[in-house]
Amino acid sequence: MKLLPPRETTLDLIGNTPLVKLEGPSREAGCEIYGKCEFMNPGASVKDRAALGIIRDAEARGELQPGGCVVEGTAGNTGIGIALVANALGYRTIIVMPDNQSREKMDTLRALGAELVTVPPTKFSDCNHFVHTSRRLAEETEGAIWANQFDNTANRKAHIDGTARELWEQLDGRIDGFTCAAGTGGTLAGVGLGLKEFDEAITIALTDPHGAALYNYFANGELQAEGSSVAEGIGQGRITGNLEGAPIDTQFRISDGEGLKWVARLLREEGLCLGLSSGINVAGAIALGRKLKADGVAEPRVATILCDTGFRYLSTLYNPEWLAAKDLPVFDWLRED
Ligand SMILES: Cc1ncc(COP(=O)(O)O)c(C=O)c1O
């Protein structure tokens, strides 16, 4: 295996993640399924790319000056990515989150040095929603920018320039399909747009969890959600700025049960400890591989995103009481009976 040369700065550790062939999913689909190891970014998730892309873009436009501040409304991986990148570049980070989020997330963000502002949870149309609060706070804070990950297309540009190009090169230009779920949609739209620039024939598929409205939108033009999901970071109800013009050829809907099955199998059979959005993505990749085969593509190769580490979910996905309370199957090896 070729060793990578030293990277010049810690920020160069973001991106250029390894790609791994997933044995079980490949067998199941009867074709090659690859996972992009985004949990190997410094913040242990795919969102480090968006954080770096948004901050670099704000610097290039002159909006973010030395000693400035980055404000975002987020409870999860994006906040972690922003806090790390901002630390490395000498900016302050302010994260606004609803006060019903897990203790672990608040502790993590505080541990990284972010200033936390908590607000009561409320609907998006309420001006006190955490996203609107974060925008106002950015406007009121001297030298601050609002990261605005949902509608700021510097997010998806990081995937056009990075993730898509890396996938193309890592697979020597032989890739037939790509799929993942959407939170902001930056990954799906960015990788989709980037791969289509290399080869228009690559099939780009949305893998939607239950409780999100995009499956129906791409299937029949209506933004309509059905069911619910406990997956964090994914599940979108509107066409965000990042999703506008995303080249989606087909779509799948994957249940939490199916996603959890793949989280369990990838851990026990392949030694990968991942979050639920990764399991849902892998189930979507299997569905896409089967569809491409049925459509006559010879030996299809499909790639997806392994979004974040399972270590972030020890009190939820890997906790039997939590799973049982949500009526979700408990992993065999965690069962006490
Ligand atoms: C765990 C996880 N998976 C997937 C995503 C979705 O990525 P994107 O926002 O690029 O659609 C996110 C986004 O926050 C996430 O935290």
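An account of the accompanying structure is given in this report. What you see is a predicted model; the values in this text were computed from it and never measured. (Residues numbered from 1 in each chain as written. Predicted model: local features only at pLDDT ≥ 70, side-chain atom pairs only at ≥ 80, totals over all residues. Heavy atoms only, no water.)

1. Topic: unusual backbone geometry
At N148, a position not held by glycine, the phi torsion is positive, near 55 degrees. On the secondary structure map, N148 appears in the loop between β6 (144–146) and α6 (154–170). With relative accessibility at 18%, the residue N148 sits in the buried group. At D327, a residue that is not glycine, the phi angle is positive and equals roughly 65 degrees. (Helix = DSSP H or I, 4+ residues; strand = E, 2+ residues; numbered from the N terminus. Buried < 20%, exposed > 50% of the residue type's maximum accessible area, 1.4 Å probe, protein only.)

2. Comments concerning the packing of helix α2 (residues 47–60) against helix α3 (residues 77–89)
Packing of α2 against α3 brings their axes to within 8 Å, and their N-to-C directions diverge by 50 degrees. Taken together, the axis directions place α2 and α3 in an arrangement best described as oblique. Between α2 and α3 lies a crossing whose hand is right-handed. The segment α2 lies against α3, with K47, D48, A51, L52, I55, R56 and E59 engaging N77, T78, G81, I82, V85, A86 and L89. (Axes fitted to C-alpha atoms, helices over the stretch in contact; angles between N-to-C directions. Parallel < 35°, antiparallel > 145°, perpendicular 65-115°, else oblique. Left-handed = near helix turned anticlockwise from the far one by under 90°. Contact = heavy atoms within 4.5 Å.)

3. Quick word on the packing of aromatic side chains
Counted by the stated rule, this structure contains four aromatic pairs. Measuring from ring centre to ring centre gives 5.2 Å for Y217 and F218, while their planes differ by 85 degrees; the resulting arrangement is edge-to-face. Using a relative accessible area of 31% as the deciding quantity, one classes Y217 as partly exposed. Between F331 and W333 the ring centres are 5.0 Å apart and the planes differ by 10 degrees, which places this aromatic pair in the stacked class. Accessibility expressed as a relative area gives 5% for F331, which makes it buried. For W333, a relative accessible area of 30% gives the class partly exposed. Put simply, the rings of Y318, F331 and W333 touch in pairs and so form one group of aromatic residues. Looking at R135, its charged tip hangs above the ring of W146, at a distance of 5.8 Å from the centre. (Phe/Tyr/Trp six-rings, centres within 6.5 Å; stacked < 30°, edge-to-face > 60°. Lys NZ or Arg CZ within 6 Å of the ring centre and 35° of its normal.)

4. Things to note about the pattern of salt bridges
Enumeration over the complete set of coordinates arrives at 23 salt bridges. The shortest N-O distance in the salt bridge between E38 and R49 comes to 2.7 Å. Taken together, the positions of E38 in the loop between β2 (32–37) and α2 and R49 in helix α2 put the pair 11 residues apart, joining distant regions of the chain. Judged by relative accessible area, which is 0%, E38 ranks as buried. Residue classification places R49 among the buried positions, given a relative accessible area of 4%. A salt bridge links K196 to D249; its shortest N-O distance comes to 2.8 Å. Separated by 53 residues along the polypeptide, K196 in helix α7 (residues 186–198) and D249 in the loop between α8 (214–220) and β9 (250–254) bring together distant segments of the chain. Exposure remark for K196: the relative accessible area of 11% places this residue in the buried category. For D249, a relative accessible area of 44% corresponds to the partly exposed category. (Salt bridge = Lys/Arg side-chain N within 4 Å of Asp/Glu carboxyl O.)

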